[in-house]
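The lines below spell out each chain.
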Amino acid sequence: MSHTDKAPHQPQRMCIGCRHSDDQVALIRLHVRAVSGTDTPSVHVDTGARAGGRGAWLHPNQDCFQRALKSRGFARAFRGQVDTTALAAEFTIACSATENVRDQHESGSKI
Ligand SMILES: [Zn+2]
């Protein structure tokens, strides 16, 4: 029973894949960029987590990514049709970059 386990005012964000809230630092921020010649903007990983505009959040794992695709979480988060073609590769890279955060997070649970 430690009372220093967790920072008390960690901002929370909802993952658009599993739709669970988590610490902002444990999630990857996504944002959309306009694409010239089409009305459909494309989704990208916001590596600095500070790009302007509408954002969405995903846990750094492929499960949540696939769930967001299947449940149309992207369209819901960005209020319209978006192109996620470029995101798949970017997201995979972002996942491996955040493995440390994920390890911390999953260290309490067993599958
Ligand atoms: Zn998730």
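You'll find the structure just up there.
Okay, so let's go over this structure. (Residues numbered from 1 in each chain as written. Predicted model: local features only at pLDDT ≥ 70, side-chain atom pairs only at ≥ 80, totals over all residues.)

## Regarding the pairing of strand E4 (residues 42–45)
The two faces of a sheet get side chains in turn, since along a regular strand they alternate between them.
In step 1: Only one face of E4 is buried: it carries Val43 and Val45, and the other face, with Ser42 and His44, is open.
In step 2: Bridge count between strand E3 (residues 28–33) and E4: 4 bridges; the pairing is antiparallel. The residue of E4 that forms the bridge with leucine 30 is valine 45. (Buried ≥ 20, exposed ≤ 12 C-beta atoms within 10 Å, placed from the backbone. Helix = DSSP H or I, 4+ residues; strand = E, 2+ residues; numbered from the N terminus. Pairing = 2+ DSSP bridges.)

## Some words on the sheet that holds strand E5 (residues 55–58)
In a beta sheet, neighbouring strands pair by backbone hydrogen bonds and run either parallel or antiparallel.
In step 1: Strand order across the open sheet formed by 3 strands is E4-E3-E5, with antiparallel pairing between neighbours. Bordering the open sheet on either side are E4 and E5, each of which pairs with just one other strand. Neighbour-to-neighbour, the strand axes of the sheet open up by a mean angle of 35°, direction not taken into account.
In step 2: Contacts from helix H3 (residues 87–97) reach E3 and E4 within the one sheet, and its direction differs from that of E4 by about 15°. (Axes fitted to C-alpha atoms, helices over the stretch in contact; angles between N-to-C directions. Contact = placed C-beta atoms within 7 Å.)

## Quick word on the environment of glycine 73
In step 1: On the secondary structure map, glycine 73 appears in helix H2 (residues 73–77).
In step 2: The exposure class of glycine 73 is buried, given the 21 C-beta atoms found within 10 Å.
In step 3: Measuring from C-alpha to C-alpha, the distance between glycine 73 and arginine 19 comes to 9.0 Å, with 54 residues separating the pair along the chain.
In step 4: Not counting residues up to four positions away in its chain, the partners in contact with glycine 73 are Ile16, Gly17 and Ala68.

## Section: the environment of leucine 69
In step 1: Its place among the elements puts leucine 69 in helix H1 (residues 62–70).
In step 2: Under the C-beta neighbour-count criterion, leucine 69 is labelled partly exposed, with 16 such atoms within 10 Å.

## Quick notes on the environment of proline 41
In step 1: Mapped onto the fold, proline 41 is located in the loop between E3 and E4.
In step 2: Accessibility expressed as a C-beta count within 10 Å gives 18 for proline 41, which makes it partly exposed.

## Observations regarding the nonpolar core
In step 1: The biggest cluster of nonpolar side chains holds 18 residues, and the ones touching the most others in it are Ile16, Trp57 and Leu58.
In step 2: For this core, the secondary-structure elements that each account for two or more residues are E3, E4, E5, H1, H2 and H3.
In step 3: The residues contacting isoleucine 16, other than those within four sequence positions of it, are Ala56, Trp57, Leu58, Ala68, Gly73, Phe74 and Ala77. (Core = buried A, V, L, I, M, F, W, Y, C linked by C-beta atoms within 7 Å.)

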